[in-house]
Amino acid sequence: MTTVDPDFARDAEREARRARLFTRINKADAWFKVLGLAWITPLLKAAAGDNPKAQMKDVWRLLGVPLVAIAAFLVLWGTLAPQVQTSLGAVPGPAQVWSEAVNLHADAQAKAAKQAKFEAMVDKRNEKLIAAGKADQVKEVAYTGAPSYYQQIWTSIKTVFFGFLIASAVAIPLGICAGLSPTANAAINPLVQIFKPVSPLAWLPIVTMVVSAAYATNDGMFSKSFLISAITVTLCSLWPTLINTALGVASIDKDLVNVSKVLKMNTYTKITKLVLPSALPLIFTGLRLSLGVGWMVLIAAEMLAQNPGLGKFVWDEFQNGSSSSLAKIMVAVFTIGIIGFLLDRVMYALQSLFTFSNNR
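Residues numbered from 1 in each chain as written. Predicted model: local features only at pLDDT ≥ 70, side-chain atom pairs only at ≥ 80, totals over all residues. Heavy atoms only, no water.

Student: Quick rundown of the nonpolar core? Include the residues and the values.
Tutor: Tyr149, Val160, Trp295, Leu310 and Ile339 are the most contacted members of the largest nonpolar core, which has 37 residues in total. Sequence-distant contacts of tryptophan 295, that is, excluding residues within four places in its chain, are made with Ser156, Ile157, Val160, Leu310, Ile336, Ile339, Gly340 and Leu343. Core analysis: the next-biggest nonpolar cluster, separate from the first, contains nine residues, Val192, Leu238, Leu242 and Ala246 among them. (Core = buried A, V, L, I, M, F, W, Y, C linked by side-chain atoms within 4.5 Å. Buried < 20%, exposed > 50% of the residue type's maximum accessible area, 1.4 Å probe, protein only. Contact = heavy atoms within 4.5 Å.)

Student: Could you give an account of the environment of serine 199, naming the residues involved and the relevant values?
Tutor: Mapped onto the elements of the fold, serine 199 is located in the loop between helix H6 (182–195) and helix H7 (200–214). A residue is classified by how much of its surface remains accessible, and serine 199, at 34% relative accessible area, is partly exposed. Sequence-wise, serine 199 and valine 59 are 140 residues apart; in three dimensions their C-alpha atoms are separated by 42 Å. (Helix = DSSP H or I, 4+ residues; strand = E, 2+ residues; numbered from the N terminus.)

Student: Got a sec to walk through the pattern of salt bridges? Specific residues and values, please.
Tutor: Under the counting rule described, the total for this entry stands at five salt bridges. Ionic pairing is found between arginine 61 and aspartate 58, a salt bridge with its closest N-O pair at 3.5 Å. Within this pair, arginine 61 and its partner aspartate 58 are both found in helix H3 (residues 52–80), separated by three residues, close to a single helical turn. For aspartate 58, a relative accessible area of 27% gives the class partly exposed. The shortest N-O distance in the salt bridge between aspartate 344 and arginine 345 comes to 3.4 Å. Note on aspartate 344: relative accessible area 25%, which makes it partly exposed. (Salt bridge = Lys/Arg side-chain N within 4 Å of Asp/Glu carboxyl O.)

Student: An account of the environment of isoleucine 252 is requested, with residue identities and associated values reported.
Tutor: Mapping isoleucine 252 onto the fold places it in the loop between helix H8 (224–250) and helix H9 (254–262). The class for isoleucine 252 is buried, based on a relative accessible area of 8%. Each C-alpha atom, one on isoleucine 252 and one on methionine 209, is 42 Å from the other, the two residues being 43 residues apart in sequence. Residues in contact with isoleucine 252, not counting those within four places in the same chain, are Val257, Leu274, Val275 and Ser278.

Student: Report on the packing of H6 against H8, specifying residues and quantitative values.
Tutor: Between H6 and H8, whose axes approach to 11 Å, the crossing angle comes to 145°. The handedness of the crossing between H6 and H8 comes out as left-handed. Residues Ile188, Val192 and Phe195 of H6 form the contact with H8, whose participating residues are Trp239, Leu242 and Ile243. Residue composition of the contact of H6 with H8, grouped by class: six nonpolar, no polar and no charged. (Axes fitted to C-alpha atoms, helices over the stretch in contact; angles between N-to-C directions. Left-handed = near helix turned anticlockwise from the far one by under 90°. Nonpolar A, V, L, I, M, F, W, Y, C, P; charged D, E, K, R; others polar.)

Student: Before we move on, could you go through the confidence of the model for the chain and cite the residues and values that matter?
Tutor: For the chain, mean pLDDT is 85; residues scoring 70 or higher make up 94% of the total. Here helix H1 (residues 6–34) stands out as the least confident element of the chain, with mean pLDDT 74; helix H5 (residues 149–180) is the most confident, with 93. (pLDDT = per-residue confidence, 0-100.)

Student: Can you tell me about the packing of aromatic side chains, naming the residues and giving the values?
Tutor: Counting across every chain of the model gives eight aromatic pairs. Look at tyrosine 149 and tyrosine 150: their rings are 6.4 Å apart centre to centre, the planes differ by 50°, and that puts the pair in the tilted class. On the basis of an interplanar angle of 55° and a centroid distance of 5.2 Å, the ring pair of phenylalanine 162 and phenylalanine 226 is categorised as tilted. Residue phenylalanine 162 is found in helix H5, and its partner phenylalanine 226 is found in helix H8; the two are separated by 64 residues along the sequence. Taking the relative accessible area as the measure of exposure, phenylalanine 162 reaches 25% and is therefore partly exposed. (Phe/Tyr/Trp six-rings, centres within 6.5 Å; stacked < 30°, edge-to-face > 60°.)

Student: Pulling in residues and values, what's your account of a negative patch on the surface?
Tutor: Taken together, the side chains of Glu119, Asp123, Glu127 and Glu140 define an acidic patch exposed on the protein surface. Structurally, glutamate 140 can be placed in the loop between helix H4 (94–131) and H5. A relative accessible area of 68% means that glutamate 140 is categorised as exposed. (Patch = residues over 30% accessible without salt bridge, like charges linked within 9 Å, V, L, I, M, F, W, Y side chains within 5 Å. Areas by Shrake-Rupley, 256 points an atom, 1.4 Å probe, with all protein chains shown as cover. Lys, Arg positive; Asp, Glu negative; His and termini not counted. Charge placed at Lys NZ, Arg CZ, Asp CG, Glu CD.)

Student: Can you explain the packing of H5 against helix H12 (residues 325–354)? Please cite residues and give values.
Tutor: The N-to-C vectors of H5 and H12 enclose an angle of 40°; their axes lie 12 Å apart at closest approach. One element, H5, and the other, H12, form an angle in the oblique class. Seen from above, H5 lies across H12 with right-handed handedness. Residues Tyr149, Ile153, Ile157, Val160, Phe161 and Phe164 of H5 touch H12, and the partners they reach there are Val331, Ala332, Thr335, Ile339, Leu343 and Met347. Of the residues in the contact of H5 with H12, the class split is eleven nonpolar, one polar and no charged. (Parallel < 35°, antiparallel > 145°, perpendicular 65-115°, else oblique.)

Student: Explain a nonpolar patch on the surface to me, using residue names and the numbers behind them.
Tutor: Residues Leu67, Ile70, Phe73, Leu74, Phe334, Ile338, Phe341 and Leu342 make up a contiguous nonpolar surface patch of roughly 750 Å² in combined accessible area. At the level of secondary structure, the elements contributing two or more residues to the nonpolar patch comprise H3 and H12. Note that leucine 74 resides in helix H3.

Student: Which residues make up H4, and what values do they have?
Tutor: Turn by turn, an α-helix covers 3.6 residues, leaving residues three or four places apart pointing in a common direction. A rise of 1.5 Å per residue sets the reference length of H4, with its 38 residues, at 56 Å; its end C-alpha atoms lie 55 Å apart and thus fit the reference within 8%. Each element contacted by the buried residues of H4 is listed here: H3, H5, helix H11 (310–320) and H12. Two residues or fewer after H4 comes glycine 133, characterised by a positive phi angle close to 75°. (Expected span 1.5 Å × (residues − 1).)

Student: Pulling in residues and values, what's your account of unusual backbone geometry?
Tutor: Backbone geometry at glutamine 306 places phi at a positive 60°, although glycine is not the residue there. Here glutamine 306 is to be found in the loop between helix H10 (267–305) and H11. The exposure class assigned to glutamine 306 is partly exposed, which follows from its relative accessible area of 30%.

Written as structure tokens, this is what we have:
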């Protein structure tokens with residue numbers, strides 16, 4: 001007859017809990033990478049007792065080195081900026097740019113309060129008319145005040161996503177056709193090579209004239225300025241998705257293609273069950289590139305066409321020429337960069353949800 005050592009049982013249970021903990025940490029690590037927070041994983045592992053010295057080296061590499069690089073950049077910027085004189089004064093340093101960011105936030109809050117007050121007054125007036133039996137005189141009066149900084153950011157984000165979705169809806173089917181059919185590829189490839197290098201500044205006048213001729217009024221679902229910017233984004237951002245989709249489809253394992261022939265799959269089943277799952281990693285790579293290109297193109301289009309958004313904000317501040325204009329432009333530059341990074345993270349998160357390949 002044998003007895004169970006209670007210490008052995010406790011050690012086994014402790015090891016089992018530790019194994020489950022590290023399993024959860026490793027699962028969370030995939031999302032930390034998507035969010036750009038990969039440095040959290042070694043911290044969690046160190047806290048769980050997994051070789052703290054080695055984990056601290058990873059923390060230094062993933063968090064310490066980037067923070068040191070950012071700090072060095074800020075010191076270099078703050079040192080050199082006052083030495084560069086422009087027509088608007090010295091180039092603003094980090095402190096001045098941060099101060100203007102705070103001012104823009106306060107201004108946005110003030111404009112939001114002003115708009116809310118205006119809308120409340122309109123609602124109150126309409127309620128009085130309805131109570132007096134004059135419902136036919138009720139009017140919806142649009143607020144015509146200047147947009148806040150946050151509203152201009154939101155306008156740019158909506159525009160780039162609209163143009164990007166149109167580009168994706170065009171590029172992915174064309175890419176699938178080009179990847180599956182050498183004849184279709186021969187027809188599409190020359191057009192890609194001709195139009196891919198065209199600058200948005202060349203497309204913008206053409207798009208402006210076509211939209212103005214075809215969309216004679218602003219009473220529709222979208223304004224002219226919105227459509228002009230979005231279509232310009234579409235024309236410049238569809239090429240990376242088209243090229244990567246065609247490459248991904250053409251690179252499908254030939255054995256899988258032969259299996260589809262043996263099973264006598266129809267075209268729809270072949271595309272949905274075989275082509276798309278196999279090509280998704282490269283398709284998402286193209287989508288990420290296209291969204292980045294579209295974001296850059298949008299800012300240039302808004303500046304040139306004076307369409308609402310961050311690009312117009314930058315151009316207006318440049319034309320304004322006040323002592324704070326340069327700092328506000330630099331706030332917009334950092335905003336554009338941060339939003340571009342976040343858009344890429346969004347696409348990377350979607351890629352992680354829909355693909356299972358390590359080649360990202």
